[in-house]
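Listed below are the residues making up each chain.
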Amino acid sequence: MDMTSNENTNRWLALYVLCAGVLMIVLDATIVNVALPTIKEDLNFSQSELAWVVNAYLIAFGGLLLLSGRIGDLIGHRKIFLIGLGVFTVASLACGLAQSQGMLIAARFVQGAGGALASAVVLGMIVTMFPEPREQAKAIGVYGFVASAGGSIGLLAGGVLTDLINWHWIFFVNLPIGLATAVLALRLVEGRPGIGVGGSADVPGAALVTGGLMLAVYTILGVEESGWGSTQTLGLGAVSIALVAAFVVRQARIENPLMPLRLFRSRNVSGANIVMSLLVVGMFGLFFLGALYLQLILGYDALQVGLAFLPATLVMGSLSLGFTDKLNMRFGPRNVLITGLFFLLAAMLLFARTPVDGSYWIDLFPTMLVFGVGAGVSFPALMMLAMSGATPSDAGLASGLVNTTAQVGGAIGLAVLATLSAERTQSLLADGEGALEALNGGFHLAYLIGAALAVVAILAAFTVLRDERPALAHGEAHAPEPVYEAA
């Protein structure tokens, strides 16, 4: 009994170690945003050049997630996690030491690659470590909190570090966390072997999918400057779609594919990724445009923006860590997800009525609580559904896939919302509206589009996803019959 108890304790400690690594990586996506004005001044960036401090990271991160997840299946999840963690930590040191624009941008690209390697396999490791449905639901709740709340924690941490010390420390802070996580992962996380590469490594497939996804992210990030109808956007977009399409065709034809298409036969895997792609558009829009509303219209500084989102983070944490696993087991992840989606829809509609002279406690605080409830129950349920069709040999791929859907879907969505929001603002200015009213009108349009996509996500959840409550109740979450039922 003692040995079993120790093994169980070690599994939970291993989960917390993995989530610490993910939190460090998730934080880095937003912690930099707060420090951008200071970085611009220190290293003499122009406004357009400054965007590459963020874009270099996102291109590598979004482009390599899917491939990283599959490599983890082939050569071992822990091995890829540790390699990614090492690359990320060393690149963080280089970012902190950077004294030139080129060095910082190059280090950010390498940091994004390390982040993709480490984070792509974590969800796959969790479902393998916790095969029993009740424990798995609780473990995914912890992961869901880190994945959904990390961004708002990053805003707060970035504000504190930049204000109290300087921008270099938003990168240096990763060094002790990365080293400690690596040491603890070696001690606590079991190093299971992968399924093996053998002589069947699909190098052309890897090149096609990585090139296609990186080019897609690059194209999306360039939309704000070049426009949707420009030759650059249309040309590069067509090439990226062609590369990904060629990858899919290749996977269907070769004997040992990099991404076995059987994974998509599961209604819940396909449905969860559809819902994720729709949901993250509104989520990214609410998160980033909401932060701009606080800064540009209400005049909040970076630290105040982080504190404004804190209630949502606390609600997400209390639900993800304390209640969502019980809700998923009792009502089934599909029903919990649909309930959470309604809360997120309500939050987007509430944001769409924020006035120019808004009061935090009247106009924003209640909305932050509703947003926190929606995200706190939606994301763990969505992660459970996205992983429900994955066998142990495909767990890394399924994990990388849902992360890719979130990152690329969010990037596309934010580019669309930012463009439409700016166009609406220009239209209102032309009609004689004041500057703040026009800016706020643009934000409101973006929130309403996000709300409309949340409605589509709810419809997709109702029609595509299956209620797995009976299977979960009997401990058959991975029974082969429902896993590969055709969508």
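Look up: the structure comes first, before these words.
Along each chain, numbering runs from 1 in the same order as the chain's sequence is written. Per-residue local features of the predicted model are confined to residues with pLDDT of at least 70, and side-chain atom pairs are confined, for both listing and counting, to 80 or more; whole-chain, interface and lining totals are unaffected and use all residues. Neither water nor hydrogens contribute to the side-chain values; these are computed over all heavy atoms in the structure.

Here the focus is the overall build of the chain. Counting its regular elements, the chain contains 21 helices and zero strands. C-alpha atoms define the radius of gyration, and 2.2 Å times the number of residues to the power 0.38 defines the globule rule. Computed over its C-alpha atoms, the radius of gyration of the chain comes to 22 Å, within 12% of the 23 Å expected for a compact globule of 487 residues. Taken along its principal axes, the extent of the C-alpha atoms in the chain is 65 × 50 × 45 Å. Relative accessibility decides the category of a residue: with a 1.4 Å probe and only protein chains considered, values under 20% of the type maximum give buried, values over 50% give exposed, and everything between is partly exposed. In the chain, which comprises 487 residues, the share counted as buried stands at 55%. Residue contacts follow a heavy-atom distance rule, with two residues in contact if any of their heavy atoms lie within 4.5 Å. Across the chain, every contact between residues at least 6 apart in sequence was considered, and the portion connecting residues at least 24 apart equals 84%. Here the accessible surface of atoms and residues is derived via Shrake-Rupley with a 1.4 Å probe, and residues count as covered only by protein chains that are part of the display. Roughly 19400 Å² of accessible area belongs to the chain as shown, and the carbon and sulfur atoms make up 66% of that amount. Secondary structure follows DSSP: runs of H or I at least 4 residues long count as helices, runs of E at least 2 residues long count as strands, and numbering of each begins at the N terminus.

This paragraph deals with the environment of M129. Mapped onto the elements, M129 comes out in helix α5 (residues 122-129). The class of M129 is buried, set by a relative accessible area of 10%. Remark: the alpha-carbon pair of M129 and W12, spanning 117 residues in sequence, is separated by 9.2 Å. For M129, the contacting residues outside a window of four places in its chain are R11, A14, L15, L18 and R192.

Here a cavity denotes a set of grid points, spaced 1 Å apart and computed over the protein atoms alone, in which a 1.4 Å probe fits but from which it cannot get out, and a pocket denotes an open set meeting protein on both sides within 12 Å along at least five of seven lines; residues with an atom within 4 Å of a point are reported as lining. Grid points are joined across faces, edges and corners, and a volume is the space filled by probe spheres set on the points. Scanning all chains against the criterion turns up two cavities of 30 Å³ or more. Each pocket or cavity is described by its volume, and for the second largest cavity that value is around 30 Å³. Taken together, L66, L67, R70, V209, F247, L258, M259 and L397 make up the lining of the second largest cavity. For the lining of the second largest cavity, the element with the highest residue contribution is helix α2 (residues 47-75), accounting for three residues. Class assignment for the residues of the lining of the second largest cavity results in seven nonpolar, no polar and one charged. Each residue gets one of three labels, nonpolar for Ala, Val, Leu, Ile, Met, Phe, Trp, Tyr, Cys and Pro, charged for Asp, Glu, Lys and Arg, and polar for the others, Gly among them.

In this section: helix α3 (residues 77-97). Working note: α-helix, 3.6 residues per turn, so residues spaced by three or four point in the same direction. Expected helix span is given by 1.5 Å per residue-to-residue step, counting one fewer step than there are residues. Under the 1.5 Å per step criterion, the end-to-end length of α3 is 30 Å for 21 residues, consistent within 8% with the ideal 30 Å. Those residues of α3 not exposed but buried are H77, I80, F81, L82, G84, L85, F88, T89, A91, S92, C95 and G96.

Bringing the nonpolar core into the picture now. Core analysis: the largest hydrophobic core is formed by 122 residues, its most contacted members being F81, V275 and L337. Excluding anything up to four places from it in sequence, F81 contacts L18, G21, L117, A118, V121, V122, M125, T181 and A185. One finds I31, I39, F45 and L104 within the second-largest nonpolar core, a separate group that totals 18 residues. Within this scheme, the nonpolar core is defined by two criteria: the residues are buried Ala, Val, Leu, Ile, Met, Phe, Trp, Tyr or Cys, and they are joined through side-chain atoms within 4.5 Å.

This part takes up the packing of aromatic side chains. Stacked, tilted and edge-to-face pairs are distinguished by plane angle, under 30 degrees for stacked and over 60 for edge-to-face with tilted covering the rest, among Phe, Tyr and Trp rings (Trp via its six-membered ring) whose centres lie within 6.5 Å. For the structure on display, the rule yields seven aromatic pairs. Residues W12 and F130 carry aromatic rings whose centres are separated by 4.6 Å and whose planes lie at 50 degrees to one another, so their mutual orientation is tilted. Placement of W12 in helix α1 (residues 2-43) and of F130 in the loop between α5 and α6 (133-164) is noted, with a sequence separation of 118 residues between them. When its relative accessible area of 14% is taken as the criterion, W12 is described as buried. Their ring planes at 15 degrees and their centres at 5.7 Å tell us that Y57 and F61 sit as a pair that is stacked.

The next thing to look at is the environment of F371. Among the secondary structure elements, F371 is positioned in helix α17 (residues 360-387). Separated by 285 residues in sequence, F371 and G86 place their C-alpha atoms 34 Å apart. Setting aside its immediate chain neighbours within four residues, F371 contacts M283, L286, A312, M316, L344 and A347.

Moving on: the pattern of salt bridges. The term salt bridge refers to a side-chain nitrogen of Lys or Arg lying within 4 Å of a carboxyl oxygen of Asp or Glu. Throughout the structure, instances matching the rule amount to three salt bridges. When the shortest N-O distance is used, the salt bridge between E135 and R11 registers 2.8 Å. Placement of the pair is E135 in helix α6 and R11 in helix α1, with a sequence separation of 124 residues. R353 serves as the salt-bridge partner of D363, at 3.3 Å between the closest nitrogen and oxygen. Of the two residues, D363 sits in helix α17 while R353 sits in the loop between α16 (333-351) and α17, which places them 10 residues apart along the sequence. The class for R353 is partly exposed, based on a relative accessible area of 43%.

What follows deals with a negative patch on the surface. Where like charges cluster on the molecular surface, the negative patch consists of D357, D431, E433 and E437. Residue position: D357 is located in the loop between α16 and α17. Patch members must show over 30% relative accessible area and no salt bridge, and they are joined within 9 Å when carrying like charges or within 5 Å when they are nonpolar side chains of Val, Leu, Ile, Met, Phe, Trp or Tyr. Only four residue types enter the charge count, namely Lys and Arg as positive and Asp and Glu as negative; His and the chain termini do not. Throughout, a charge is located at the NZ atom of Lys, the CZ atom of Arg, the CG atom of Asp or the CD atom of Glu.

A word on the packing of α3 against helix α8 (residues 174-188). Running from N to C, α3 and α8 cross one another at 160 degrees; their axes reach a closest spacing of 9 Å. Regarding the angle of α3 to α8, the classification is roughly antiparallel. Two packed elements cross with a definite hand, and for α3 against α8 that hand is left-handed. Residue-level inspection shows R78, F81, L82, L85, F88, T89, S92 and L93 of α3 in contact with α8, the latter providing N174, L175, G178, T181, A182, A185 and L186. Of the residues in the contact of α3 with α8, the class split is nine nonpolar, five polar and one charged. Where helices are involved, their axes are fitted lines through C-alpha atoms of the stretch in contact, as for all axes, and angles between N-to-C directions lie from 0 to 180°. The cut-offs work like this: below 35 degrees is roughly parallel, past 145 is roughly antiparallel, 65 to 115 is roughly perpendicular, and the gaps in between are oblique. Note: crossing handedness is left-handed where the near helix turns anticlockwise from the far helix by less than a right angle, and right-handed where it turns clockwise.

Taken together, the side chains of V160, L164, I165 and W169 define a hydrophobic patch exposed on the protein surface, amounting to about 390 Å² of accessible area. In this fold, L164 is placed in helix α6.

A few words on the packing of α5 against helix α18 (residues 395-430). For the pair α5 and α18, the least separation of the axes is 7 Å and the interaxial angle reads 135 degrees. With respect to each other, α5 and α18 are oriented oblique. Note that α5 runs across α18; the crossing there is right-handed. Where α5 approaches α18, its residues V122, L123, G124, V127 and T128 are matched on the opposing element by A395, G396, S399 and V402.

Nothing here speaks to function; it is all geometry.
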